[in-house]
Amino acid sequence: MSESLTPSQTVGPYFAMRLPWPDGPFVVPEGTPGAITIIGRLYDGAGNVIPDGLIETWQADPDGRFAHPDDPRGPVPGGYDAFRAFGRSATGLDGSFKIVTLKPGPLPFGDGQVEAPHIDVSVLARGMLDRSVTRIYFPDEAELNEADPVLRAVPAERRATLIAVPGGEGLLRFDVRMQGEQETVFFDL
Amino acid sequence: MTVSEQRSTGEGLVVPESGKLVLPEYAKPRPGNHPPLDYSGYKSTALRHPTQPLVLLPHRLTEVTGPLLGDTLITMQDADLTTQHAGEPQGQRIIVFGQVRDSGGRPVPDTLIEIWQTNAAGRYRHAREHHPAPLDPNFDGIGRAITDAGGRYRFITIQPGSYPWGNHYNAWRPAHIHFSLFGRAFTQRLVTQMYFPGDPLLAYDPIYQSVPDDKARVRMVAEFSMEDTQPEWALAYKFDIVLRGREASVFEEAHA
């Protein structure tokens with residue numbers, strides 16, 4: 001009964017004609033109170049920046065909720081109207097990307113358990129036949145990170161690749177390395 | 001309140017007595033359905049694929065939800081790539097239409113589709129594109145549409161051309177249109193390419209050939225439709241797109 005899926009193909013080098021939006025990096029409008037900026041660079045296995053990549057983010061709001069029919073709780077009414085939950089940033093010639101957002105809240109799952117605040121990330125680029133999926137966790141959530149079921153499934157010595165680095169007031173740094181000693185942890189979704 | 005009443009908007013639910021959160025789960029692609037991330041035929045994959053084992057990511061709230069980007073992003077013009085300028089573009093006018101559904105056969109409504117392609121001469125409108133073929137002042141090669149309640153979409157565009165690339169000696173891409181889709185969940189996100197039936201370059205293209213499974217690979221080739229071809233106006237190609245579907249949860253089985 002189940003059909004073959006349409007296979008994935010690379011975005012190629014020319015996705016930049018269509019996919020980036022002027023306000024794509026802004027999950028919330030610039031200047032939103034409490035907004036954080038996540039910056040980073042995308043690197044290949046030779047340590048060179050990837051200048052033709054695309055970073056997409058998807059995340060809960062600060063209450064840990066989604067305005068989506070499959071989050072049965074829905075958002076708290078009137079909570080975060082300008083919050084889009086989705087961010088998209090093409091990498092620049094220096095491999096850099098930027099997302100302006102609100103920090104998500106912890107998320108419930110199963111029977112009263114909790115996931116630490118996180119952002120799901122899709123990495124796409126020329127030379128990638130399918131996206132690679134990773135997650136951004138937050139450095140100021142040591143306790144929840146420690147208990148997070150996804151982080152716990154990651155070999156301890158690699159967990160740090162998933163945790164953003166503080167970069168000053170309202171600023172976090174999250175580099176993505178496709179290969180190498182500090183290869184980012186990627187997920188099988 | 002009964003459980004079925006709570007399910008009216010989606011499949012996620014909170015079990016009233018326990019507060020337990022029950023969410024849908026998406027089926028894994030079959031092996032060979034998608035290309036390997038490390039594929040020697042496509043040289044640029046060598047330094048751009050993960051080398052460490054992937055870690056299993058269970059489907060929880062962030063994975064079963066996704067961007068539902070509404071009409072505010074698109075205008076009427078977006079699905080017709082032939083009317084974005086004062087004049088008409090050069091080339092064969094075509095209609096590209098189809099249905100987006102999941103592997104369980106359910107239509108995927110209200111999902112954004114973004115496309116980009118070359119012009120009739122095989123040239124992209126992009127600053128880093130240097131193929132010596134002419135640009136067309138009347139063609140940008142970009143479009144957007146949102147699927148209707150039945151998961152259907154329709155673009156009007158022109159037949160894209162083939163173009164050379166540097167992967168190997170005398171490498172040419174078969175004519176294709178890039179498609180980007182969100183589906184309804186982060187798990188369903190898909191970027192693919194639509195090819196044309198009978199294109200002799202398909203046999204030589206490592207990107208097309210990177211998909212191991214024959215049945216899956218041919219899903220990327222549109223079907224010519226005489227029935228939908230419009231007399232005196234445009235050829236029609238049907239391109240249905242299948243995204244990951246939901247698995248029947250234990251819960252659904254128990255209450256079916």
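No experiment lies behind these values; they were computed from the predicted model shown.

Cut-offs used in this document
Residues numbered from 1 in each chain as written. Chains lettered and ligands numbered in written order. Predicted model: local features only at pLDDT ≥ 70, side-chain atom pairs only at ≥ 80, totals over all residues. Helix = DSSP H or I, 4+ residues; strand = E, 2+ residues; numbered from the N terminus. Buried ≥ 20, exposed ≤ 12 C-beta atoms within 10 Å, placed from the backbone. Contact = placed C-beta atoms within 7 Å. Rg over C-alpha atoms; globule rule 2.2 N^0.38 Å. Nonpolar A, V, L, I, M, F, W, Y, C, P; charged D, E, K, R; others polar. Pairing = 2+ DSSP bridges. Core = buried A, V, L, I, M, F, W, Y, C linked by C-beta atoms within 7 Å. Axes fitted to C-alpha atoms, helices over the stretch in contact; angles between N-to-C directions. pLDDT = per-residue confidence, 0-100.

Draft legend 1. Up close: the overall build of chain B. Secondary structure assignment for chain B yields 5 helices and 16 strands. Looking at chain B as a whole, 42% of its 256 residues are labelled buried. In chain B, of all internal contacts separated by at least 6 residues, the share reaching a separation of at least 24 is 71%.

Draft legend 2. Layout of the overall build of chain A. Across its full length, chain A holds 2 helices and 12 strands. In chain A, the succession of α and β elements from N to C terminus is β-β-β-β-β-β-β-β-α-α-β-β-β-β. Over its C-alpha trace chain A gives a radius of gyration of 17 Å, about what one expects of a compact globule, namely 16 Å for 189 residues. When the backbone C-alpha atoms are referred to their principal axes, chain A occupies close to 55 × 40 × 40 Å. Considering chain A as a whole, with its 189 residues, one finds that 47% of them fall into the buried category. The contacts of chain A with a sequence gap of at least 6 include a subset with a gap of at least 24, amounting to 69%.

Draft legend 3. Representation of the interface of chain B and chain A within the structure. Contact residues are listed per partner, giving 78 residues for chain B and 65 residues for chain A. Where the side of chain B that touches chain A is concerned, the elements lending two or more residues are strand E1 (13–14), strand E4 (55–56), helix H2 (61–64), strand E6 (112–117), strand E11 (176–181), strand E12 (190–195), helix H4 (214–218) and strand E15 (241–243) of chain B. By residue class, the composition of the side of chain B that touches chain A is 35 nonpolar, 28 polar and 15 charged. In this sheet, E4(B) lies alongside strand E12 (residues 187–188) of chain A in parallel orientation, the contact comprising 2 bridges. Each residue of the ladder has a partner; that of A:Phe187, found in E4(B), is B:Val55.

Draft legend 4. Geometry of the pairing of E11(B). Residue and element names in this part refer to chain B. In terms of residue burial, E11 counts as a mostly covered element, since 6 of its 6 residues are buried. In E11, alternate side chains face the same way, and those of His176, His178 and Ser180 on one face and Ile177, Phe179 and Leu181 on the other are all buried. As judged from the 5 bridges shared by E6 and E11, these two strands associate in the antiparallel manner. What sits directly across from Ile115, in E11, is Phe179. Examined bridge by bridge, E11 and E12 share 6 bridges and lie antiparallel to one another. In the sheet register, His178 faces E12, and the bridge partner there is Gln193.

Draft legend 5. A look at the nonpolar core. In this structure, A:Leu54, B:Val96, B:Leu181 and B:Leu243 are the most contacted members of the largest nonpolar core, which totals 102 residues. What B:Val96 contacts, discounting residues up to four positions off in sequence, is B:Phe155, B:Thr157, B:Ile177, B:Ala222, B:Tyr237 and B:Phe239.

Draft legend 6. Representation of the sheet that holds strand E7 (residues 142–146) of chain B in the model. All names here are of chain B. In spatial order, the strands read E7-E6-E11-E12; together these 4 strands make up an open sheet with antiparallel pairing. Each having just a single partner strand, E7 and E12 make up the two edges of the open sheet. In this sheet, adjacent strand axes meet at a mean angle of 20 degrees when their direction is disregarded. Relative to E7, E6 is paired through 5 bridges, and the arrangement is antiparallel. Residue Ile113 lies in a different strand from E7, and its bridge partner there is Ala145.

Draft legend 7. Representation of the environment of A:Asp111 within the structure. The residue A:Asp111 is located in the loop between strand E5 (107–109) and strand E6 (113–115) in this model. Its 11 C-beta neighbours within 10 Å are what place A:Asp111 among the exposed residues. Expressed as a C-alpha distance, the spacing of A:Asp111 and A:Thr32, which sit 79 residues apart in the sequence, is 34 Å. Leave out the neighbours within four places in its chain, and A:Asp111 touches B:Ser18 and B:Lys20.

Draft legend 8. Structural view of the environment of B:Gln209. Residue and element names in this part refer to chain B. Note on placement: Gln209 falls in helix H3 (residues 206–209). By the C-beta count within 10 Å, which is 15 here, Gln209 ends up partly exposed. Sequence separation between Gln209 and Pro35 is 174 residues; the distance between their C-alpha atoms is 8.6 Å.

Draft legend 9. Main features of unusual backbone geometry. At A:Ala85, a position not held by glycine, the phi torsion is positive, near 70 degrees. A residue is classified by how many C-beta atoms lie within 10 Å of it, and A:Ala85, with 26 of them, is buried. Although it is not a glycine, B:Asn170 adopts a positive phi angle of roughly 55 degrees. Its place among the elements puts B:Asn170 in the loop between strand E9 (163–165) and strand E10 (171–173).

Draft legend 10. Up close: the environment of A:Val49. Among the secondary structure elements, A:Val49 is positioned in the loop between strand E1 (36–43) and strand E2 (53–59). With near-sequence residues (within four places) excluded, A:Val49 lies in contact with A:Arg41, A:Leu42, A:Tyr43, A:Asp94 and A:Gly95.

Draft legend 11. Up close: the confidence of the model for chain B. Residues and elements named next belong to chain B. On average, chain B scores 90 in pLDDT, and the residues at 70 or more come to 89%. A low-confidence stretch, residues 1–9 (pLDDT under 50), is modelled with 8 contacts involving residues beyond four sequence positions or located in other chains. In the predicted structure, residues 252–256 sits below a pLDDT of 50 and forms 2 contacts with residues beyond four places in sequence or in another chain.

Draft legend 12. View of the pairing of E12(B). Among the 6 residues of E12(B), 6 are classified as buried, and the element is accordingly described as predominantly covered. Burial along E12(B) is two-sided: the face carrying B:Leu190, B:Thr192 and B:Met194 and the face carrying B:Val191, B:Gln193 and B:Tyr195 are both buried.

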